[in-house]
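Here's the letter readout for the chains.
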Amino acid sequence: MMEEKKTTKRLKANTALRQIITDFYADAHRAKAEGRPVGWIPPMNGLIELFYAMDIHPIFPENWAPICAAIGTNTNNFAYAQRRGYSGDLCGYFRNNIGYALDGIAEENQPLDGLPKPDFLISFGAGCIPTMKTFQVLCDHFRVPVFRADLPQVAMEDIGEHHIQYGVTQIKRIIKFLEGITGKRLDIDRLRQAVAYTDEACRFWDEIMDARRTIPSPFSAAEIGIMFVMVTRHGTKIAVDFLRDVLEEVRGKVARGEGVIPNERIRLFWDNIPLWYNMKLFNYFEKWDAVVVAETYTSAWTMRMDKDKPLESIAYKSLVSYPLVSCVSLDKRIELIRKAVVDYKIDGAIFHSNRSCKPISMGQMDIMKMLSEELFVPGVMFDGDHMDGGSFSEAQFHTRIDAFMEMLSERKRI
Amino acid sequence: MNFRELNKCRLDIVKEQKKKNNCTVIGTLCSYVPVEILHSFGIIPVRIWGQSENLHKADALLQPFICPPVRHLMALGLEGHYNFLDGIVHCYTCDATCGLFNIWVRNLKPGFSHLISLPYMAINEALTYTMAEFGNFIEKLETFTKKKFSPDNLKRSIALYNEARSLMKEVYCLRKSGLLVSYSGISAMNICSQTLPVEMFLPELRKYVEKMKEDERGISGKLKILISGSVISDTSLMAFIEGAGGDIVADDACTGLRVLRDVIPEGDPLQSLAGYYLTRPPCASRADFPSRKAYFLETLKDFDIDAVIFIHQKFCDPHLSDHPFMKKVLDEAGIPNMQLEVEGDELTGQVQTRIESFFEMLERL
């Protein structure tokens, strides 16, 4: 059953990616076995550079969740969360991660050997409410040292000096905590190197994404798994080397005029998180010669880091990663999507109205209206959930998408 | 007029004040907005509050899995109930209200809009940060109102709100000491405190407190109940709980006790104000578990609570994700508790049955 939901991937880089995923979790278990600290942290912030610069292995529960969805253990984890009293209306990442951390972690024979338990936790007042609450539950459950960090939610366009400075004071507090955990002083040159790696990874990332402006597009949203390195391997050469190879492969395709499908006719934009348990949906559009060439989610790493200002850079990264894709500023999100739709020559937009993600889903009606009225790009919305297949009807998805694609096909013919 | 009556005509009162005094009125979406700053500019701050009879109007802009209070406010906005507002201010608390703020601004196009981003911890650097954040807000208000910020005006505004909060706290203390009044009156007072001009609210409040002091005291024999949730405004639900055998003496909600624990101290007004908003007992959107647990236990002890009723709005992420933890805290403390999940103000038969069963269970304990 799960096999049928798997997406058809066409980039050769996927072979290397599979190894990177396996290695990431194997490294975590090795670190644990060797007595090196393993810290569980929220995703998409500057902690990762600090961790790698201090030989600490990071674990991101939020990154583990899509893996659970892909392999099908999410439903078990949801059941565990429900037994603990957590409402089924809460975000699927939250329910999966709580269910897994509190109960599922004890199961035997887990894929990738599961997650090593944390030696410490960093709990943020930042990101979305479910992310914040996930870590509060974990802090209550695991009897390990906890660092409570703080970062306000600021609209990207409003970020000013006092926001950055506050971020820097937080980073300094965290460094002190991590020095206590590891018993070692932070080597600032190693942190600069980690920041430089992230900057290079972000640059390659932007170039890879830019290559998708080409008609035909060299790859589609079906290959979105490559962002694994942007979440888990920022601050390392692993991400840089992998993305360099991806860029080379993608540029080769562009040079040869090799698209995802032989006759790309329709170019699509995807808003919101993919349905991790059903990535095959991205291939569904191909029967109309359509390709998803841009997404909201992949813009979360469009940023630059300055190795000469490492603390300011990671403070900035921590401040912008979440607002880049959420509803902290609808204006900013609209601006980004408007630009993407023009730059990627989008014919139509697919909006995943995602029960598991209110921050990204709120404002979708406004975005759809803007695309239609200002850019004359039509959109379609379907109900789904990025983690819970129980809140998604594939038949309804087909009905809605079929009608939309027929309309787009007609438009393209005229 | 008592607070229940004032509550019913609160929008008309504000509109009349606006017309009479030719003043600016700004809507707020959360109790974390520093209303004292708005007031110091001569602005009337009004908490956007209420239930729409045409909830479906929100469907065009908000998905059905967004919490009912947010959908109701959007529908009220679209229906024109808040057309008299000159602007809107929000302080980031939960994701849903932040989304609402953005969608409101885009669709209803208020003349002024601002989002305040408060830190989550009360460390020294957070105080400096918050003052800078309030400073940005003040600068924007100066441009909008074409008035200069006055620390003395702010001091005067703080004094008014301090008096209001102190008197409101006294109401809770009187209730605690055995005053036999219904909680729905106190709830109406809480709502009026955030939706009416403070100059109009205060005289009514002074009268209310004086009258309360003369009212009958006694032992009701009922169980002392604390209600907890986000937006709790359903008076029929409150009355039903009281009819079923409970005395609601304390709350843990968006309006009520949490805003009243402290007064803003004297000194540099902006610094004092920043300190107040940072150290207030936190709501579920801003708290970590230890601080929420500490405040909860303190309130339970202070009010000698017999049982807790959680009134949670459907799809409310902060409260629903806190609930198993809070339940554990109460179970460990031996305090009976129950959770009601509601959709806006709606006292359904199912909710009634659950409340009755809860009190029957309590009687057997």
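Residues numbered from 1 in each chain as written. Chains lettered and ligands numbered in written order. Predicted model: local features only at pLDDT ≥ 70, side-chain atom pairs only at ≥ 80, totals over all residues.

Looking at the overall build of chain A
Operational definition: In DSSP terms, a helix is any run of H or I states spanning at least four residues, a strand is any run of E spanning at least two, and both are numbered starting from the N terminus. Throughout, a pair of residues is in contact if the C-beta atoms placed from their backbones lie within 7 Å.
Counting secondary structure elements, chain A contains 17 helices and 8 strands. Seen through its principal axes, chain A has C-alpha atoms that stretch 70 × 50 × 40 Å. Considering only intrachain contacts with a sequence separation of at least 6, the fraction spanning at least 24 residues in chain A is 79%.

Observations regarding the overall build of chain B
Keep this limit in mind: Atoms considered for the radius of gyration are the C-alpha atoms alone. The globule rule reads 2.2 Å times the number of residues to the power 0.38. Residue burial is a threshold on neighbouring C-beta atoms within 10 Å of the residue's own C-beta, all placed from the backbone, with 20 or more meaning buried, 12 or fewer meaning exposed, and counts in between meaning partly exposed.
The helix and strand tally for chain B stands at 15 helices and 8 strands. In summary, chain B has a C-alpha radius of gyration of 20 Å against a globular reference of 21 Å for 365 residues, a match within 12%. Expressed as lengths along the three principal axes of its C-alpha atoms, the size of chain B is roughly 65 × 45 × 45 Å. Relative to its 365 residues, chain B shows a buried fraction of 49%.

What about helix H4 (residues 61-71) of chain A?
All names here are of chain A. Of the positions making up H4, those classed as buried are Pro61, Trp64, Ala65, Pro66, Cys68 and Ala69. Where H4 is buried, its residues meet strand E1 (38-40), strand E2 (57-59), helix H5 (74-83), helix H6 (92-102) and helix H7 (129-141). Among the residues trailing H4, glycine 72 stands out with phi positive, at a value near 95°.

Things to note about the confidence of the model for chain B
For clarity, the threshold we go by: A residue's pLDDT is the predictor's confidence in that residue, given on a scale from 0 to 100.
Here chain B shows a mean pLDDT of 95. Residues at 70 or above account for 100%. In the model output, the complex is listed with pTM 0.96 alongside ipTM 0.96.

Some details on the sheet that holds strand E5 (residues 266-271) of chain A
Note on sheets: strands pair through backbone hydrogen bonds, and any given pair is parallel or antiparallel. All names here are of chain A. Threshold: Following DSSP output, two strands are said to pair if at least two bridges run between them. Only C-alpha atoms enter the line fits that serve as axes; for helices the fit covers just the stretch in contact. Angles between N-to-C directions range over 0 to 180 degrees.
Strand order in the open sheet formed by 4 strands is E6-E5-E7-E8, with parallel pairing between adjacent strands. Both outer strands of the open sheet, strand E6 (290-295) and strand E8 (379-384), are each paired with one neighbouring strand and no more. Each neighbouring strand pair of the sheet contributes to a mean axis angle of 30°, computed without reference to strand direction. Of the strand pairs in this sheet, E5 and strand E7 (residues 348-354) are connected by 4 bridges, and their pairing is parallel. Bridging from a neighbouring strand, aspartate 271 pairs with phenylalanine 351 of E7.

A short note on the nonpolar core
We apply this condition: Each nonpolar core consists of buried Ala, Val, Leu, Ile, Met, Phe, Trp, Tyr and Cys residues. Their C-beta atoms, within 7 Å, join them into a set.
Leu243(A), Leu268(A), Phe269(A) and Met74(B) are the most contacted members of the largest nonpolar core, which totals 241 residues. Element by element, the count of residues in this core is highest for helix H9 (residues 188-211) of chain A, at 10 residues. Excluding anything up to four places from it in sequence, Leu243(A) contacts Ala201(A), Phe204(A), Trp205(A), Ile208(A) and Val229(A).

A short note on the interface of chain B and chain A
Formally: Gly falls in the polar group here, along with every residue not listed as nonpolar (Ala, Val, Leu, Ile, Met, Phe, Trp, Tyr, Cys, Pro) or charged (Asp, Glu, Lys, Arg).
Across the boundary between the two partners, chain B contributes 39 residues, which contact 40 residues of chain A. Going through the elements one at a time, helix H5 (95-108), helix H6 (124-145) and helix H14 (317-333) of chain B are the ones with two or more residues in the side of chain B that touches chain A. By residue number, the principal contributor to the side of chain B that touches chain A is H14(B), which donates 8 residues. Class assignment for the residues of the side of chain B that touches chain A results in 24 nonpolar, 7 polar and 8 charged.

Digging into the sheet that holds E2(A)
Residue and element names in this part refer to chain A. Pairing is parallel in the open sheet, where 4 strands are placed in the order E2-E1-E3-E4. The open sheet is flanked by E2 and strand E4 (146-150), the only strands paired with a single partner. Within this sheet the neighbouring strands show an average axis-to-axis angle of 25°, counted without direction. Relative to strand E3 (residues 120-125), E1 runs parallel, the two sharing 2 bridges. Counterpart to glycine 39 in the pairing with E3 is phenylalanine 120. The strands touched by helix H8 (residues 161-182) are E3 and E4; relative to E4, the strand with the most contacts, the crossing angle is about 170°.

Some words on helix H8 (residues 183-195) of chain B
Side chains that are three or four residues apart share a direction in an α-helix, a result of its 3.6 residues per turn. Going by this rule: Residue count minus one, scaled by 1.5 Å, sets the expected span of a helix.
With 13 residues, H8(B) should cover 18 Å at 1.5 Å per step; its first-to-last C-alpha distance of 18 Å lies within 8% of that length. Of all the positions in H8(B), only Tyr183(B), Ser184(B), Ile186(B), Ser187(B), Ala188(B), Met189(B), Asn190(B), Ile191(B), Cys192(B), Ser193(B), Gln194(B) and Thr195(B) are classed as buried.

Quick notes on the pairing of E4(A)
Residue and element names in this part refer to chain A. Convention followed: Here, the term right-handed applies to a crossover whose path from the first strand over the helix to the second runs clockwise when the strands point away from the viewer.
Extensive coverage of E4 is indicated by the burial of 4 of its 5 residues. Of the strand pairs in this sheet, E3 and E4 are connected by 5 bridges, and their pairing is parallel. Among the inter-strand pairings, phenylalanine 124 is bridged to a residue of E4, identified as alanine 149. Read from E3 through H7 to E4, the crossover connection turns out right-handed.

Description of the packing of helix H7 (residues 151-176) of chain B against helix H9 (residues 198-214) of chain B
Residue and element names in this part refer to chain B. For clarity, the cut-off: Oblique is the label for every angle not falling under 35 degrees (roughly parallel), over 145 degrees (roughly antiparallel), or within 65 to 115 degrees (roughly perpendicular). In this scheme the handedness of a crossing depends on how the near helix is turned from the far one: anticlockwise by less than a right angle means left-handed, clockwise means right-handed.
In contact at an axis separation of 10 Å, H7 and H9 are set at 25° when each is read in the N-to-C sense. Here H9 runs roughly parallel to H7, going by the angle between their axes. Judged by the twist between their axes, the crossing of H7 over H9 is left-handed. Here Leu160, Tyr161, Glu163, Ala164, Leu167, Met168, Glu170, Val171 and Leu174 of H7 lie close against H9, whose contacting residues are Val198, Phe201, Leu202, Leu205, Arg206, Val209, Met212 and Lys213. The residue makeup of the contact of H7 with H9, split by class, is 13 nonpolar, no polar and 4 charged.

Re the environment of Ile264(B)
Residues and elements named next belong to chain B. Turning to its location among the elements, isoleucine 264 is positioned in the loop between helix H11 (257-260) and helix H12 (269-279). Residue isoleucine 264 is classed as buried on the basis of its 22 C-beta neighbours within 10 Å. As for isoleucine 264 and tyrosine 276, which are separated by 12 residues in sequence, their C-alpha atoms are 5.8 Å apart. Sequence-distant contacts of isoleucine 264, defined by excluding residues within four places in its chain, comprise Ile158, Asn162, Ser272, Leu273 and Tyr276.

Regarding the packing of helix H2 (residues 13-33) of chain A against helix H11 (residues 237-256) of chain A
All names here are of chain A. The interhelical angle for the contact between H2 and H11, taken along N-to-C directions, is 165°, at an axis separation of 10 Å. Taken as axis vectors, H2 and H11 run roughly antiparallel relative to one another. Classified by chirality, the crossing of H11 by H2 is left-handed. Every residue of H11 that contacts H2 at Ala13, Ala16 and Ile20 is listed here: Ile238, Phe242, Asp245, Val246 and Glu249. Along the lines of polarity and charge, the residues of the contact of H2 with H11 split into 6 nonpolar, no polar and 2 charged.

Quick notes on unusual backbone geometry
With the exception of glycine, the majority of residues adopt a negative phi angle, and the majority of peptide bonds are in the trans configuration. In this chain, Ile215(A) is followed by Pro216(A) through a cis amide linkage whose omega measures 0°. Here Pro216(A) is to be found in the loop between H9 and helix H10 (228-232). Despite not being glycine, Asn109(A) has its phi angle at roughly 50°, a positive value. Residue position: Asn109(A) is located in the loop between H6 and E3. Positioned with a positive phi, Asp304(B) is a non-glycine residue whose angle comes to about 50°. Taking the C-beta count within 10 Å as the criterion, Asp304(B) has 10 such neighbours and is therefore assigned exposed.

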